[in-house]
Structures are given as C-alpha cells and as structure tokens.
Amino acid sequence: MQFEVLARCKTTRARVCRMKLAHGVTMLPTFMPVATQAAIKGLTAEQVDSLGVSLLLNNTYHLNLRPGLQVLNEAGGAHKFQGWQRNLLTDSGGFQLVSLSKFTTITEEGALFSSPFTGEPTMLTPEESILIQHTIGADIIMQLDDVVSSLTVGPRVEEAMERSVRWLDRCIARHEASGKTTTQNLFAIIQGGLDPVLRDKCLDEMTKRKDGVAGYAIGGLSGGEEKDIFWKIIKQCAEKLPEDRPRYSMGIGFAEDLLVCVALGVDMADCVFPTRTARFGVALTHGGPINLRLSKHAVDLNPIDPDCPCPTCKDGTSRAILHHTVTHETSAAHALTLHNITFQAQVMGRARTAIMEGTFPEYLLSFFKQYFGDNGYPEWCVNALRTVGVDLLREGGKVISGSGAKWEYAED
Amino acid sequence: MAMTTTGTVNEMIMSSVFTLTTPLSRRFGPRLGQLLSKRSGTPDQVIETPSFVTSTSRGVVPHLSRDHHRATKAIRWANVPFETFLEHNPPVPTLLTGANPMHNFLGFVPGQHLLSLCIRDPADGREMPPNGNKHTSAYCLRGVRKVSPENWRTYVEACQPDMVVAMYDQPFTDPPYSQKRLTKSIERTSAWLADLLLSLQSSQSSRHRPLVLVQMAGGTNIAARKAFSTNLTDILYGKEADAIAPLTCLDEGVFGYTFDLVPLRQSLDPTTPDSPTPTADPTLPDPVPSDVSTQSCVQTTQLIPFIQASLSSLPTTKIRVTHTARSPHEILRLIQDVGIDIFDAHWAQKAADVGVALDFQFPVPKHGATTRRNGKRDLGHNLYHSQYTHDLCWMASSFSKERPCTCLACSPFSPATRIEHSIVDHDSQDPIASNTQKPSFSRAYIHHLLHTHEMSAHSLLTMHNLTILDEFFSGIRSVLSTAEGKSFFVEVDRFVDEYDETLEVFDEARLLWREVDLARGKGRLAREKSKQTQSTLGTAIQG
C-alpha cells in the first residue's frame, strides 16, 4: 500500500488521503458499499464501477460458505469471480460468527462454532481467517477480533480487547509468512467497548505493532450505543491512531454519522444501510431520506433529485414510476440502489473537495442545514462537531435529542 | 417485389410500414418482413421479422435497470399491459405532457424501442368478472377495474405509444363459451375497434397517432373466427361508413393482427392452469412457480387451425403477432405453418426468473447444453444445479467454444464514463480502460448468485436470454433468406429432433428455485411470494 495525506482541514481533523492498492487508487475519505455475497444487490460490477466507486466490501463468512474457497481458487480470487477490477476489502468473518450463530463460543485458540453444513464443531482461528482472506484475495484484509456487543459491560469487554491484541499478533505472523504483504494489506481492529480506558490500552498495544499493520479499524461500535458515547470513542481512537495509516470506522452509513466521523479524522466507512434501505423503497437525498412507498409520491413526475448524477436521476426516472414499481419489481430496487450508492459517494466526494479547498467547515454547515433543515440538528452532532471547532448552531437553529436520524415515516 | 400494407388512415400512420420481403406465394408459410417505424423527431426504426417483442411487468422489463434495457440490443419492441396503471385514477401515465410521454415515463427510447400498449397482460389467464357491452374487465393490485372504449382511447391518446391493441372482448369466465357469447364477443370487439379508429382519425391533436393491432376474436369456434375476419373487411355503408370515413372498412385502419394463445389453450384444455391462487396460509410451503403456457398440454398443431381460420380471408400483407408461444419449437411451427411475424419473449424471460440460462441456436449448432436421457438436448442450463458450481465457462456454448454471446452478462464492458465525486477523483480512474470488453460472468458465479438469493442473477439471466432469443430469430431469418424455403423446413425438423420440447430443464429449475426460496426467503412478504406463482413475469424482491 502507498498511503499519502494530500490535505488536512485547518479547523477539524478531516483529511484527504490517496491510498494506492493492488487494484488502483482510492481517494479518502470514502464510503464502501457492501457486496456481502460478491454482488451489490441487483447490480453488476460494471454498474457499480460507473458510479465512481473504487472500493467494495465482501464478507468473508459468507464467501467461505458459498461459493467456498475451492471455487474462488479456481476462479482466481474474488475479484475475477465477480468481475470487479478495483479495490476490495474483506472482513475477518468473526462478526458474522457472533451475529449469525447463537452457538459460537470463543476460546483462546479461536471461535468455535457449529458448521452450517454439517453441524459439526468447527474452529475459526486467526490464522484460518487470514488464510481464507488470502484465497479471496482482497486488497485489504481484516484481523480476526474477539467481538462483543457494544452494549456488553463487565470483564468480558476487557478480555475481548486483550484477546483481540493477541489475535492480531497471530494474524500478523500468518500474513507475513504468506509472502502476500505486497498485494494484500492487513488492518488491525481497535476494541475496548465503550470504556475509554480499555480503548486507550488497545490503542497503545496495537499502535506498537504498526510495522505489521497497514491500517486501523475502529470496531465494536454501531451496536445500539448512545450516540454521544459513539462519537467520543471515535474521536478518542482517531486522535490516537498514527497519521500515516488509514482509519476505518466499521458499520457507519448514515450521512450525518459519516460526516461527523470524517470531521473527527476517519478515512473509511462501510454499511449495508444505503443498499438495504433501497430495497425497501427509500431514496437518500441531501434533503433527507424519501420513502417512495408513500402515496404522496404516486403522481410526482419529478426525479428523486434533479441535480443527482446517478443513472436513475440523470435519466429523469420519476418518483411516480418508482412508486408504481417499488417493492413489486426488482428493477425499482436496482434504480434506488444505483441512486443511494451515488448519494453516499457524493457526500464523501464533496467532503474531499471541501477539504482540498479549505472549506470543509462550511460544507458541514451547509450539509447539515439542508439535511436537517427545520427539523432540528441532532444534539450529538452539534456536540461532536463543537469539539473540532465547528458550531452547527452558529446561525441558530433547533436541536433535537436522541439519535436524531432523519426518516420519512409511513403514513397513518 | 415487395408488398406493402397500405392503409389510407392518415399521413402519420402511412409513414410506418410493414413490408414483406419474400415473395408471397401462399397465404400460410414462412415469410420475411421488415417493420419500418417512423415517429416524428426520432430516427426511423427497422425491425426485421420474424422477431420478438419483450414483455413487461408494471411497465418495466423485469430485473433490468434502464441502462441494462438500453444496452440490451435485443430489446427493440416492448409491450406494456396498461392495467397495472389503473390502480390510480386517472392513471398516472395519462398525466404526462410533452413528446413521447409513455416512452419517457418508462425509460424507453423513441427510435430504439417500439412501444405497444394493450389493456390486459396477455400471459394472465386468471378468471375475471364478465365484460359488458360498454366495458372490459382489467386486473390491478387494487382489484378489478372496468375499462370503457372511451377510457381506452383517452389513455392511448395521452400515452402516444407507437402501437396499440384495440380494446377487445375476451371472456375470462369459465370456458366453453356459447355461440351467443361468441357472437357478442365479435360484435363488441368490432364496435370497440371502430370506436378507436374513429377517435384516432378525428383527433385534432398533433400528437403521435399509434398503429392499431386487432385481437382476433371468435375463440375456438372456426366459424366465429371467420365471421369476425369477414366483419373486418366488409365494406360499410350508411351511418357506419360515415363514422369511419374515409376508411371503407375496419381492416383498412388496422396495421396488423394479434393472437393471444393463453385463452385459446384454456378453451381447448380446461385443465390448463391459469394463475393458481397463491396459498393464503403463509405457513404452508409455496406452490412451485408455474407458467400457464408451459404447463398446458395443448399442442401447437391444435392451435394452428384457429389462427388460420382468422387469417383465411384477410390481406396477407399485414403483420401477424402472437403472445405467449411457449417454446422455440412452437415458434418455429407457427412460422412454418402460419407465417407469424412477431412473438413475445415471455417464455425466455420466465426462464430467467427461474434460473435457466438459454443455450440453443437455429440452425442446430455443434455445441450446446447437455443431453438428457431421452436423447434430446436441453434448451438451456438450469444454473441452480450443482454441476455448475465449478463451471467457469460463459453461459452459452452454442455459438462456439471460442466466442461468448454478446449480452452484457457474457460480454461485459468496463463503463464508458465514471462519475467523479471530487476534484481529486481523476487519480482513481486508473488502471482500467473505459469501454473495454471484460471476461464473461461465469456459470459458477450465476450459480452462486442464485443460491445466495441475489437479484443480480436474474438481471444477468434476463439480458442473456433475450440475446439468445434474438440470435435464434436472426438464425431463422438467415435460413429463410439464403436458401429455398425447403431448407427451412429441414432445419425445423432437425431442431425439433435435437432439442427437448418437454422443457424438463425448466421444471427442474423451478423445483430448485423453490428449495432456495424456502431455505433463504424467510424475510419475504407473502404478497411478494405470490408473484412467483403467477404467470406474470418477475420474481419477488428480497428484503
């Protein structure tokens, strides 16, 4: 990996970086759409490419089950299998083991779970996870970590954090022995739950291992914790992580979350939200999400956003025809998926431009004003951005407590 | 010695023509033609026949985003059943203004996509409340709607399609139909056709006037069918003549004849499933997705006499359209024994819904899909089957082992342009050249997508199947144009001998489709599931 910081915001901690991997350059900050099963839902690799996306995420747990490593090997890796010629990131598979299987037990050796095929006890070790990710062949691979829910409290959180550090060592050893360090890049995952002391300890340990690590992820968040705790952990981690490594915040996808994280120094994020919400008929816009199932859109002949560069809007696809087809025809899901991925890329692209031009604080102000408008700014965003020198309430405005996520609710 | 359909309807309709390019020695038999479609402000469009029309569901080609339906060259003509738009009153497409309203609303390109409108989905044979003297019953999600001749001409005038099927009286109550019912059907269909022709003529608007197709009435009664055709060509006198002047008979205003095969099959074999009622109880397993056309035991040879009866007294020069032919075998027989010019792609699109990648060609090629026990070759691959887990070949091997088919699944291209989201993005455009051919998506990849319930599988399969169907028709035209008619008959026999007409591979795919649905489709809404049981196109959306 070649990693270079091109510009820094003079007010916030936001930055623009150039990350060169084996399959090309990805400019940061960026949002990574999730192609769990080696496909962005409903789209082809060429369509995703045309939207200006240069980094996708595949899920190791899923690809290991299907199509399986033998097929991926025969195909020459996941890039070739799915026809994706740009950069790819795989997770370690650990998160799904915990979230999808009730019977997983964690031992020092690895994660013990019952095989979805045979029901037999199967062990996923840090070494095995790296081996699987080598076969998949993604440009960025993740260490196996000991994941606990962000709502967990007590000694289990500390145990998981410490084990994650030990497993990182095993992952580094396995990765370096493979001779794949020039084409694949290992990221560490900072754990420690919602406890700043544990997070600090983890940061210390993992940054010591910087030579074996190409980048850092902030894990164990986005699990239903208080937003005011969430951003504080992000800020703490981003501040302490080395300048010359990319920082990846896992599972973040709402526009306001993305921009706050960028302002706090995060470079990358991923989430299934924009593609999943598309299938339920929700289009993301700079004025907030639009639920196309609502009957108020039935005779609206305007596109979702006349200024959006996505194929759906550029073609003038009306809200009315989307309303007519949404949840009935897969092509409506495709149209909204194309739009939502473009929206996410646009939010991050505009951030890059603003940082380059020294206008990132102004971009934050105008984005939040348009997005939350009269509804009011989420309090946690106001709090978080104040700590990096941006006051959303500079010109007044309402504040709302709670998560503040904006939504167009169903009628009645 | 080209023969041209000459109507005297008006200058705008005159400008679009259907021309037979083979000398026509007989009324029935294979023929080559050319449909030249003109629309003001857009380039002329030429469709060589025999060819096909792509079926749509709720106004869209199932599974294809707009960029995909445009890049799929096989889609030249799309037929849109209007009934789903009756959910809203007035129907939303009628609220559009400007040129090419319906094309724009649905994302079709005038000059590239010929757009035809009909009221009902020709593949839907479900039982319906009876029609009346002044209305036909149509089906939409909010229930049954009545459409009057006046409604229909208002909708057509507002939508400005290239072609329209006049409103007709097709009973969808329990067959068989009495002679009295058939007489009524003939009278209504004639009257409603006259009504549409009159309104198109008297229309003061400068908007585009569509070509009119007429559905051939008379059911499975030879005499009734002949009587209907005679009605069309009878010279009218008195008030009736004044009403359609300057036309002297209805047929003069008609561009072509259409035949829906579903009601014919149902009438000939009452056990033909229409649209099985979906299981109301969500705890019961889903019924295996069925298809009206493929599950009927009515043979093509049983249908032919009725189609011929309709055409026996009509001009031979007009375009002949059928809907829901169930296999390429049926298509070939209808070309050979009748001289049908246009078929729909319903069966090939349905194959894409259930995971079948078509792999066949006309004339019969050396390579192709697997051979089954009965010694026949399959028309395609059931990509659900585990034999494709490791198969890294492209979908169709019929053309040759060296060349993939030209669809976007087998011959994908890197995008011509990419959106740049920031001032530093030019750096991330490398290293991929734009608009360059990429390797084919493999059978193994689509097998994987099918088993993981990924919608992309159906997008790729739809583009592929339409392209294979297009190659099939191109093969038919080339055999018809290069040699004596005789060699076409020889090639049809070879095709029928070679390929499995029982479509076993489709049945096997449907069973596996269901297995995967049961295993993975837990989150689906029951309403969406019901879609797969109907003969309408498209699969449910996974949540």
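Residues numbered from 1 in each chain as written. Chains lettered and ligands numbered in written order. Predicted model: local features only at pLDDT ≥ 70, side-chain atom pairs only at ≥ 80, totals over all residues. Heavy atoms only, no water.

Here we come to the pattern of salt bridges. A full pass over the atoms with the stated rule returns 57 salt bridges over all chains. The partner of R510 of chain B in a salt bridge is D507 of chain B, and the shortest N-O contact between them spans 3.0 Å. Within this pair, R510 of chain B and its partner D507 of chain B are both found in helix α16 (residues 504–520), separated by three residues, close to a single helical turn. Via salt bridges that share partners, E108, D146, R156, E159, R163 and R166 of chain A belong to a single interconnected network. (Salt bridge = Lys/Arg side-chain N within 4 Å of Asp/Glu carboxyl O. Helix = DSSP H or I, 4+ residues; strand = E, 2+ residues; numbered from the N terminus.)

Right, let's get into the sheet that holds strand β9 (residues 121–124) of chain A. Residues and elements named next belong to chain A. With respect to topology, three strands assemble into an open sheet ordered β7-β8-β9, the strand pairing being antiparallel. Of all the strands in the sheet, the pair left with one neighbour each is β7 (105–106) and β9. Summarising the sheet, β7 and strand β8 (residues 111–114) pair through two bridges and their orientation is antiparallel. Residue pairing in the sheet places T105 in a bridge with L112 of β8. (Pairing = 2+ DSSP bridges.)

Moving on, we come to the sheet that holds strand β5 (residues 55–58) of chain A. Sheet strands pair via backbone hydrogen bonds, and the direction of the pair is either parallel or antiparallel. All names here are of chain A. Spatially, eight strands are ordered β4-β14-β13-β12-β11-β10-β6-β5 in an open sheet, and the strand pairing comes out parallel. Strands at the two margins of the open sheet, each flanked by one partner only, are β4 (30–33) and β5. The mean inter-strand angle of the sheet, taken between neighbouring strand axes irrespective of direction, is 25°. Strands β11 (185–190), β12 (215–218) and β13 (247–249) of the sheet are contacted by helix α9 (residues 227–240), whose axis makes an angle of about 165° with β12. (Axes fitted to C-alpha atoms, helices over the stretch in contact; angles between N-to-C directions. Contact = heavy atoms within 4.5 Å.)

This part covers the domain arrangement of chain A. Residue and element names in this part refer to chain A. We note that the domain assignment places domain 1 (2–271) and domain 2 (278–400) within chain A. The distance between the C-alpha centroids of domain 1 and domain 2 comes to 26 Å. Taken together, the 38 residues of domain 1 in the interface contact 32 residues of domain 2. Summed over both sides, the interface between domain 1 and domain 2 buries roughly 3,000 Å², with carbon and sulfur atoms accounting for 81% of that surface. Looking only at domain 1, the three residues that lose the most surface to domain 2 are L51, E256 and L259, adding up to 21% of its buried area. On inspection of domain 1 and its partner domain 2, the count reaches zero salt bridges. For the interface between domain 1 and domain 2, the tally reads three residue pairs in polar contact (both at pLDDT 80 or more). Taken together, the elements giving at least two residues each to the side of domain 1 that touches domain 2 come down to β1 (2–8), β2 (15–21), β3 (24–28), β4, α9 and α10 (255–263). The leading source of residues in the side of domain 1 that touches domain 2 is α10, at eight residues. Looking at side-chain class alone, the side of domain 1 that touches domain 2 contains 23 nonpolar, six polar and nine charged residues. (Domains from an automatic or database assignment. Buried area = accessible area lost by both parts, 1.4 Å probe. Polar contact = N/O pair within 3.5 Å; in protein donor to acceptor, adjacent residues only side chain to side chain. Nonpolar A, V, L, I, M, F, W, Y, C, P; charged D, E, K, R; others polar.)

This part takes up the pairing of β8 of chain A. A regular strand places its side chains so that they alternate between the two faces of the sheet. Residue and element names in this part refer to chain A. Only one face of β8 is covered, namely the one carrying A111 and F113; the face carrying L112 and S114 has none of its residues buried. Where β8 and β9 come together, four bridges link them in antiparallel fashion. Opposite F113, over in β9, you have T122 as the bridge partner. Turn length for the β8-β9 hairpin, with the two strands adjacent in sequence and antiparallel, is six residues, and the turn residue G119 shows positive phi of about 80°. (Buried < 20%, exposed > 50% of the residue type's maximum accessible area, 1.4 Å probe, protein only.)

Now for a nonpolar patch on the surface. Together, V299 and L301 of chain A together with L95 of chain B make up a nonpolar patch on the protein surface, roughly 200 Å² of accessible area in all. Mapped onto the elements, V299 of chain A comes out in the loop between β16 (290–291) and α12 (311–314). Classification of V299 of chain A as partly exposed rests on a relative accessible area of 38%. (Patch = residues over 30% accessible without salt bridge, like charges linked within 9 Å, V, L, I, M, F, W, Y side chains within 5 Å. Areas by Shrake-Rupley, 256 points an atom, 1.4 Å probe, with all protein chains shown as cover.)

It is worth spelling out the nonpolar core at this point. Counting 228 residues, the largest nonpolar core has F360 and F368 of chain A together with W152 and F472 of chain B as its most contacted members. At 12 residues, the largest contribution of residues to this core is made by helix α14 (residues 456–482) of chain B. Not counting residues up to four positions away in its chain, the partners in contact with W152 of chain B are F82, L117, C118, I119, V147, V164, V165, A166 and M167 of chain B. Formed by 18 residues, the second largest nonpolar core is a distinct cluster that contains C17, L21, I140 and I189 of chain A. (Core = buried A, V, L, I, M, F, W, Y, C linked by side-chain atoms within 4.5 Å.)

So, on to the interface of chain B and chain A. Bring the parts together and some accessible area is lost; that lost area is often taken as the interface size. Contact residues are listed per partner, giving 66 residues for chain B and 67 residues for chain A. With both chains or domains summed, chain B and chain A bury close to 5,600 Å², and 58% of this area falls on carbon and sulfur atoms. Counting across the chain B and chain A interface gives six salt bridges. Ionic pairing is found between D315 of chain A and R66 of chain B, a salt bridge with its closest N-O pair at 2.9 Å. Mapped onto the side of chain B that touches chain A, the elements with two or more residues apiece are α2 (66–71), α3 (101–106), α13 (443–451), α14 and α17 (526–533) of chain B. Looking at the side of chain B that touches chain A element by element, the count peaks at six residues for α13 of chain B. In terms of residue class, the side of chain B that touches chain A is made up of 28 nonpolar, 23 polar and 15 charged.

Turning next to the confidence of the model for chain B. Residue and element names in this part refer to chain B. Taken residue by residue, chain B gives an average pLDDT of 87. The fraction at 70 or more is 86%. Confidence drops under a pLDDT of 50 for residues 1–14, and excluding neighbours within four residues, the segment shows 30 contacts in the predicted structure. In the predicted structure, residues 275–289 sits below a pLDDT of 50 and forms 26 contacts with residues beyond four places in sequence or in another chain. (pLDDT = per-residue confidence, 0-100.)

One covalent bond between the sulfur atoms of two cysteine residues makes up a disulfide. Here the structure, examined in full by the defined rule, presents zero disulfides over all chains. With no disulfide partner, C9 of chain A has as its closest neighbouring cysteine sulfur the one in C17 of chain A, 13 Å distant. Looking at the unpaired C159 of chain B, the closest cysteine sulfur is the one in C118 of chain B, lying at 12 Å. (Disulfide = S-S within 2.5 Å.)

Residue and element names in this part refer to chain A. When you line up the elements, N59 lands in the loop between β5 and α2 (60–65). The class of N59 is buried, set by a relative accessible area of 6%. Along the sequence, N59 and L89 sit 30 residues apart, while their C-alpha atoms lie 8.5 Å from each other. Not counting the four nearest positions on each side in its chain, N59 is found in contact with V34, A35, T36, D91 and Q96.

What follows deals with the packing of aromatic side chains. All names here are of chain B. Overall, the coordinates contain 28 aromatic pairs over all chains when judged by the stated rule. Here F82 and F85 contribute two aromatic rings whose centre-to-centre distance is 5.6 Å and whose plane-to-plane angle is 45°, an arrangement assigned as tilted. Geometrically, the ring pair formed by W347 and F360 is tilted, given 6.0 Å between the ring centres and 45° between the ring planes. Of this pair, W347 sits in helix α12 (residues 346–353) while F360 sits in the loop between β15 (356–358) and β16 (380–382), and the two are 13 residues apart along the sequence. On the accessibility criterion, W347 (1% relative accessible area) is buried. Joined through ring pairs, the aromatic side chains of F52, F343, W347, F360, F362, F472, F473, F488, F489, F495, Y499 and F506 make up one cluster. (Phe/Tyr/Trp six-rings, centres within 6.5 Å; stacked < 30°, edge-to-face > 60°.)

As a further point, take helix α8 (residues 196–208) of chain A. An α-helical segment advances 3.6 residues per turn. Residues three or four places apart therefore align on the same side. All names here are of chain A. Taking 1.5 Å of rise per residue, the 13 residues of α8 would be expected to cover 18 Å, and the 18 Å separating its terminal C-alpha atoms lies within 8% of that figure. Three or more residues of α8 are buried, namely L198, R199, C202, L203 and M206. Taken down its axis, α8 places every buried residue within 140° of arc, on the same side. In α8, the exposed positions that point more than 90 degrees away from the buried face belong to V197 and K208. Among the structural elements, α7 (155–178), β11, β12 and α9 are those in contact with the buried residues of α8. (Expected span 1.5 Å × (residues − 1). Arc of directions from axis to C-beta.)

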